[in-house]
Amino acid sequence: MTLTVTDQAEVSRHVTKTVNVSAGAPPGTLSVAVFRQAGWSHDVTLLARAYEQSCEGAQVATAEAAASLAKDGITPVELLLGAMDADGDGFVRREDQGTDCDDTDPARKGPTPWYADDDGDGYGNGLLPPRRVACEGPALTASRAGDCNDRDLNVHPDQAEFRCDGQDDNCDGVKDESFDVGGTCVNALDCQGVKACDGAGAVACTSTATPPVYYVDTDGDGRAGTEVRGRCGPIPEGASPQSSDCDESSRFRASGLTEVCDRIDNDCSGGADNGLACNLDWRTPVVTDGTNWKATATDGTANLWVAGDGGKLALSQMDFTGERLIPCDGDWKAAWVAASGELFLAGGKGTAGRFARVTPSATECTTETHNVPQVMNGLVGIENPSEPPTLYGVTGGGRSFRWTPPAAPEQTQPNAVAASLRAISAAGRLDTLLAVGSRNASTPVAFRFDVASSTWSEEALPAALTGELRGVHVVNASDAYAVGDNGMALERVNGVWSAMKPVPAAYSTRSLQDVVAFGRTAVYVATTDAGANGGSVLFFNGSDWSVVYTDVNAPARALRSLDGKTPTGVVTTGDRGAAASFVTTR
């Protein structure tokens, strides 16, 4: 408050003093002493003014009185000032000329500066003066200042730095302090680097170091040829800093291998069978019994098995000598030989499916008929370390079965796939298992087995294909081949199916029945007959197809099955006793 004393005899003589009022709950009494000035009269006027908050605040009360100052002693004068502050927030109600925005709410005090808030984030532009001082602000204003970027509603005080962008996003005068920009780090490739904004609001570890390139062996021939973009630091054990394999799709091709007669450039010197005098003729049995052989399998060294309908099963050497028949009740569609030499069969009898197993020394086979309600068309085995192999078979009804003798077979998944499955193959591991067939006998299909869910996942095939896929062979985790009707020949590289180079025109309308591959430069295919022309074995060397065998029997016979563990021992069989083998020891 202020107190002004004016000499009534000469009003130009006056004095105004500021009187500080101690904080406390009003009302209260304040005593002020006034002394007559030299030369003044004894009669004065006293004027008291009360202000809100400070002497610069709104004037909320006045009181005036005249007084005669005694020559001696004290003359008491009482001035009464009053203004209402009902909520006790230090601001007086407007009826008393105060500025309290709401005298019933202590949280709402007097007028507030309102700053431009063009981005609507609740914080005003701290670089500009307030647009007005009032109890309520106009549109696009805020009572809080400090916004350092009023064009971005995400930028304002009272928050953590939320993005790495080279800007001060919380208006504390520091850029990206939450992200340790410039600090040391190690990136995903184990390379030393520094932290930097990645342009998308996050922080990344940037490094100028280049990880070394090294090579690994993926085809199992002991030579490394698959390039790997590595990590900083030492290369992994077993990897090589140099490539020593010219073809990582085949364990039969690598620098340093011995060249043999198998239509393959084994030593990577630039020519197949180079420097060798090779006899690449196919052998045929002297006498056949006219059986329609549906399946053939070889152990890769000496033994050759053939099987068909009516319980027909025969064992011979690869050159068809020493043949003997072994009774095995069933109509057999597929065969597979384990590393032990034991043969496993899949097929059926009537409408029901069945498996069978037989060793080379046995006089009869052992059949397994439990839990297989549909005839099986395809079969493959996967070796187990300390127990018999696990066999996988597929049916025309879209079902697949798993059998690990001596346990009973079981379905791999509860529901059938929406397709007729014709063939199945794997490269010794469950995660390489593939099955092929057709949908409605007109659309080819291929499926990959998902180990985690134990279900089949359909894979995309090239467009505009018609017919049925009838054979499949998985070479390794990266490479597989499938064949079928209308000269259809497909390759799968790193999970993607594509069409191979078209087969020779004379075979473009034939059904390709089976396929065996030893890499991208050695693919064998067995075909059906056409008119007077017998079934053939086609060979793809990575660039071109050639016909390496044709059945010359009259009438013509189709070839149905093909097998080979190594490129020096391949066998094919088919209708009415058709059979041929390519065997070389050099």
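Our structure is the block above this text.
Read on for an overview of the structure. Computed from a predicted structure; not experimentally measured.

## Details of the packing of aromatic side chains
Enumeration according to the criterion identifies 12 aromatic pairs in this entry. Considering the side-chain rings of Phe-252 and Phe-518, the 5.8 Å spacing of their centres and the 85° angle between planes classify their relative orientation as edge-to-face. Taken together, the residues Phe-252 in the loop between strand E12 (226-229) and strand E13 (293-298) and Phe-518 in the loop between strand E33 (512-517) and strand E34 (523-527) connect sequence positions 266 residues apart. Assigned by exposure class, Phe-252 and Phe-518 land together as buried. Through pairs of rings, three or more aromatic residues link up here, namely Phe-252, Trp-282, Phe-518, Tyr-524, Phe-539, Tyr-549 and Phe-582. Looking at Arg-144, its charged tip hangs above the ring of Tyr-123, at a distance of 4.1 Å from the centre. Across the ring face of Phe-582, the terminal group of Arg-263 is positioned such that the distance to the ring centre comes to 4.3 Å.

## A short note on the pattern of salt bridges
Under the counting rule described, the total for this entry stands at 30 salt bridges. Between Glu-458 and Arg-439 there is a salt bridge, with its nearest N and O atoms 3.0 Å apart. Residue Glu-458 is located in strand E28 (residues 455-458), and its partner Arg-439 is located in strand E26 (residues 434-439); the two are separated by 19 residues in the primary sequence. The shortest N-O distance in the salt bridge between Arg-520 and Asp-479 comes to 2.5 Å. Residue Arg-520 is located in the loop between E33 and E34, and its partner Asp-479 is located in strand E30 (residues 479-484); the two are separated by 41 residues in the primary sequence.

## A word on the sheet that holds strand E35 (residues 536-540)
The four strands are arranged E33-E34-E35-E36 in an open sheet whose pairing can be described as antiparallel. Every interior strand has two partners, whereas the edge strands, E33 and strand E36 (545-550), have only one. Between one strand axis and the next, the sheet turns by 25° as a mean value, whatever way the strands run. Sheet topology note: the E34/E35 ladder contains four bridges and is antiparallel. In the strand pairing of E35, Val-525 is matched with Leu-538.

## Re the side chain of Ser-536
Take Ser-536: it is sitting in strand E35. Overall, Ser-536 belongs to the buried group, its relative accessible area being 0%. There is a polar contact of 2.9 Å between the side chain of Ser-536 and the side chain of Tyr-507. Once residues within four sequence positions are removed from consideration, Ser-536 is found in contact with Tyr-507, Arg-510, Val-525, Ala-526, Thr-527, Thr-528, Val-547, Tyr-549, Thr-550 and Leu-559.

## Quick notes on the state of the cysteines
Counted according to the given criterion, the structure contains eight disulfides. One disulfide in the model links Cys-101 with Cys-135; its S-S distance is 1.7 Å. Across the disulfide from Cys-101 to Cys-135, rotation about the S-S bond amounts to roughly -90°, and the bridge is consequently left-handed. Taken together, the residues Cys-101 in the loop between strand E4 (59-68) and strand E5 (112-116) and Cys-135 in the loop between strand E6 (132-134) and strand E7 (141-142) connect sequence positions 34 residues apart. Since its relative accessible area comes to 18%, Cys-101 is described here as buried. You can call Cys-135 buried: its relative accessible area is 13%.

## Some remarks on the nonpolar core
Counting 27 residues, the largest nonpolar core has Phe-355, Leu-379, Ile-424, Leu-433 and Trp-456 as its most contacted members. Contributing elements (two or more residues each) for this core: strand E17 (331-337), strand E18 (343-349), strand E21 (376-382), strand E22 (390-395), strand E23 (400-403), strand E25 (420-425) and strand E27 (443-450). With four residues, the single largest contributor to this core is E21. What Leu-433 contacts, discounting residues up to four positions off in sequence, is Val-380, Tyr-392, Ile-424, Ser-425, Ala-426, Phe-447, Arg-448, Phe-449 and Trp-456. In terms of nonpolar packing, the next biggest core, distinct from the first, is built from 18 residues, Ile-264, Ala-526, Val-537 and Phe-582 among them.

Calculation notes
- Residues numbered from 1 in each chain as written.
- Predicted model: local features only at pLDDT ≥ 70, side-chain atom pairs only at ≥ 80, totals over all residues.
- Heavy atoms only, no water.
- Phe/Tyr/Trp six-rings, centres within 6.5 Å; stacked < 30°, edge-to-face > 60°.
- Helix = DSSP H or I, 4+ residues; strand = E, 2+ residues; numbered from the N terminus.
- Buried < 20%, exposed > 50% of the residue type's maximum accessible area, 1.4 Å probe, protein only.
- Lys NZ or Arg CZ within 6 Å of the ring centre and 35° of its normal.
- Salt bridge = Lys/Arg side-chain N within 4 Å of Asp/Glu carboxyl O.
- Pairing = 2+ DSSP bridges.
- Axes fitted to C-alpha atoms, helices over the stretch in contact; angles between N-to-C directions.
- Polar contact = N/O pair within 3.5 Å; in protein donor to acceptor, adjacent residues only side chain to side chain.
- Contact = heavy atoms within 4.5 Å.
- Disulfide = S-S within 2.5 Å.
- Core = buried A, V, L, I, M, F, W, Y, C linked by side-chain atoms within 4.5 Å.

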